[in-house]
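# Descriptive analysis of the structure
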Amino acid sequence: MPKTFFITTAIDYTNSPPHIGHAYEKVLADVIARYHRLKGKRVFFLTGVDQHGQKVQQSAAKADMPPAEFVKDITQEFVDLWKKLDVQYDEWAETTDERHQRVVQGILRRLFDDGQIYKDKQEGYYSVRQEQFLTDKERGPAGEFGLEWGEVEFREEENYYFRLSDHKQWLLDLIDKRTKEGKPLVIPDFRQVELRNAVEKIGGDLCISRPKSRLDWGIELPFDKDFVTYVWFDALTNYISFAGYDSEIEKYDREPQEFRDRWPALQIIGKDILVPAHGIYWLIMLHAIGFPDEAMPQLLVHGWWNLSGAKMSKSAGNIIDPFVLAEKYGAEALRYYLMSDIATGQDADFSEERLVERYNSELANDLGNLLNRVLAMINKYRSGKITLPKRRPMEISAFHVLIQQGIDSYCQGLDGDAPEYPNIEPFHVEDAIRATSLITVHCNRFIDDSAPWKLAKSKSEKDVLKLDAALYDLADVTRILAILILPVLPKAAHRIFDQLNWKMELSEEEKRFSLADAEWRRLPDGHVVGKPVPLFPRIEDVNKSDVTRVITE
Ligand code: MSP
């Protein structure tokens, strides 16, 4: 059986409702997952929520609710958002789930029995945000702790520790080995450099517990009931616990077939949780429990959406609420904006004006208008029926060449690291979108240049054939465009297929779209298209109120 394409995202904290940053990451994963489905791959897309920890316990206390009840409500908001935004995951991770807790405890027990976890007393500076003690290595040049650590306070505590530093050299070697092999652990490149520098600085071990007297909203240590596990050991484990990993099995190659068929995953995370969580703790945890080097995941690190150049934050009251945007403009408009107005790996500035601008120009004016013109002309000049041109197969026009180039750059943007594109960084959804936009522009230009309305008036045999060929090609490219936009705009893609009358009733819904069909001449001779219905009604009268919402903890 071919291997499953396994893709995961960070699991979101359930201390406050979802914001636009969460939406971006999940839509990005959804687009990549849908693209792989389009290529005919079996896909396992895992996402979910991070329900334990101090932040959640504090937020629940503020709301005067038991944590279990509090996280249920917030979890529901995430589930509702993914439904609204058409984020089609295959498995949903909630860290209060019993099977997850069992795996976490199984891993902790094994590491403890192995001597990889030990008890010690510590006093020092503690980052409330990252929920860990800090060392001098984390201090900046003036002795200060950087902003990434949030509030820092002095503490003294007995706790359990994981022998992180024992694995430092292994991780450095692995980073180098994977780079040499051309399968970097981290993309984009500059993040890999950042990770390597951070690994060089590993000095001590990792505190993995909290006394229950201070935090009881967590998973109990299997070897000491007075403690719960520190949040990262709980959260990171979701990537395997919800994919069928069995922590009772000691050898990786004895793990259930289902798990080994899925793992390793492509893991999509934001830049703030590469170092130290995913790039260091996670990889070392996997190594410590016996995952071989070839079973280490790949980390795709995305940038952040900011507002007017500054970080969105609850305290600044500038959190962008994705529900309000989706309600106002529709899920597809929001998906399109989030995927097109940022370069994967980089930061971007959120702008509602840009969302509207892009939608009106690239979707309403270009793509929507193209579909409308093509169907209207076929209906008007040929009563809805298209005729396969009798051209010899070798006769390729400049228009065909442009379209083929567009299809190729689309695949390059999304595939990137496929063997045929050795020098291109993968997952540049924005480039793929640009390619589809260009195809649309070429089609509209082709209509203007070939002027079907003039050809329709001519009685000459040559013009009749020219008009047939132009209408056929335009219908065919519109069909190809529907396939290409499917990962980003699933609803619009189906609507284009419906209007083209491209039913494929016999195949299953999933198979209605396939990247293999994105080639010329798949529409049969004599095919009858449907009537045009506006695809993307223009957004007029933009009212900017209500988009930013203060999300209180
Ligand atoms: N719960 C941890 C992750 C545990 S993964 C085992 C966490 N949660 S979070 O809710 O704070 O963030 C979830 C994801 O959203 C992270 O990947 C984070 O980078 C991303 N984003 C949070 N704010 C963001 C933006 N403003 N823009 C883009 N993504 C951002 O960290």
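Structure: above.
Residues numbered from 1 in each chain as written. Predicted model: local features only at pLDDT ≥ 70, side-chain atom pairs only at ≥ 80, totals over all residues. Heavy atoms only, no water.

## Re the overall build of the chain
Just so we agree on the cut-off: Every helix listed is a DSSP run of H or I at least four residues long, and every strand listed is a run of E at least two residues long, numbered separately from the N terminus. All radius of gyration figures rest on C-alpha atoms, and the globule criterion is 2.2 Å times the number of residues raised to 0.38. Partly exposed residues are those whose accessible area sits between 20% and 50% of the maximum for their type, while under 20% is buried and over 50% is exposed, using a 1.4 Å probe and protein chains only. We call two residues in contact when some of their heavy atoms are within 4.5 Å. The charged-residue count follows a simple rule in which Lys and Arg add positive charge and Asp and Glu add negative charge, with His and chain termini not counted at all. Where a charge lies is defined by one atom per residue type: Lys uses NZ, Arg uses CZ, Asp uses CG and Glu uses CD.
A tally of regular secondary structure across the chain gives 18 helices and 16 strands. Against the 2.2 N^0.38 benchmark of 24 Å for 553 residues, the chain shows a C-alpha radius of gyration of 27 Å, consistent with a compact globule. Viewed in the frame of its principal axes, the chain has a C-alpha envelope of about 95 × 50 × 45 Å. Taking all 553 residues of the chain together, the buried fraction comes to 56%. Taking all contacts inside the chain whose residues are at least 6 apart in sequence as the whole, residues at least 24 apart take part in 78%. Taken as two groups, the 72 positive and 90 negative side-chain charges of the chain have centres that lie 6 Å from each other.

## Some remarks on the pattern of salt bridges
A side chain with one charge may pair with a side chain of the opposite charge, provided their charged atoms come close. How we decide: A carboxyl oxygen of Asp or Glu within 4 Å of a side-chain nitrogen of Lys or Arg is what we treat as a salt bridge.
Under the counting rule described, the total for this entry stands at 37 salt bridges. Salt-bridge contacts for Arg354 lead to Asp341; the nearest nitrogen and oxygen are separated by 2.5 Å. Of this pair, Arg354 sits in helix α13 (residues 352–382) while Asp341 sits in the loop between α12 (331–340) and β16 (348–349), and the two are 13 residues apart along the sequence. Each of Asp341, Arg354, Glu357, Arg358 and Glu362 takes part in one network of salt bridges that share partners.

## What to know about the site of the ligand
Quick note on the threshold: Proximity is defined per residue: any heavy atom of the residue falling within 4 Å of a molecule or strand makes that residue near it. Polar contacts here mean pairs of N or O atoms no more than 3.5 Å apart (in protein, one a potential hydrogen donor and the other a potential acceptor; neighbouring residues in sequence count only if both atoms are side-chain atoms). All accessibility values rest on the Shrake-Rupley procedure with a 1.4 Å probe; residue burial counts only the protein chains present in the view. Under the scheme applied here, ten amino acids are nonpolar (Ala, Val, Leu, Ile, Met, Phe, Trp, Tyr, Cys and Pro), four are charged (Asp, Glu, Lys and Arg), and all others, including Gly, are polar.
Within the structure, the ligand sits among 23 residues, and Ile11, Glu25, Asp50, Gly270 and Asp272 are positioned closest to it. A distance of 2.5 Å separates an oxygen atom of the ligand from a polar atom in the side chain of Asp272. Notes on the ligand: free accessible area 660 Å², of which the protein chains cover 94%. Those elements that provide at least two residues to the shell around the ligand are β2 (12–13), α1 (20–38), α7 (231–236), α8 (238–241) and β13 (266–270). Partitioning the shell around the ligand into residue classes produces 11 nonpolar, 8 polar and 4 charged.

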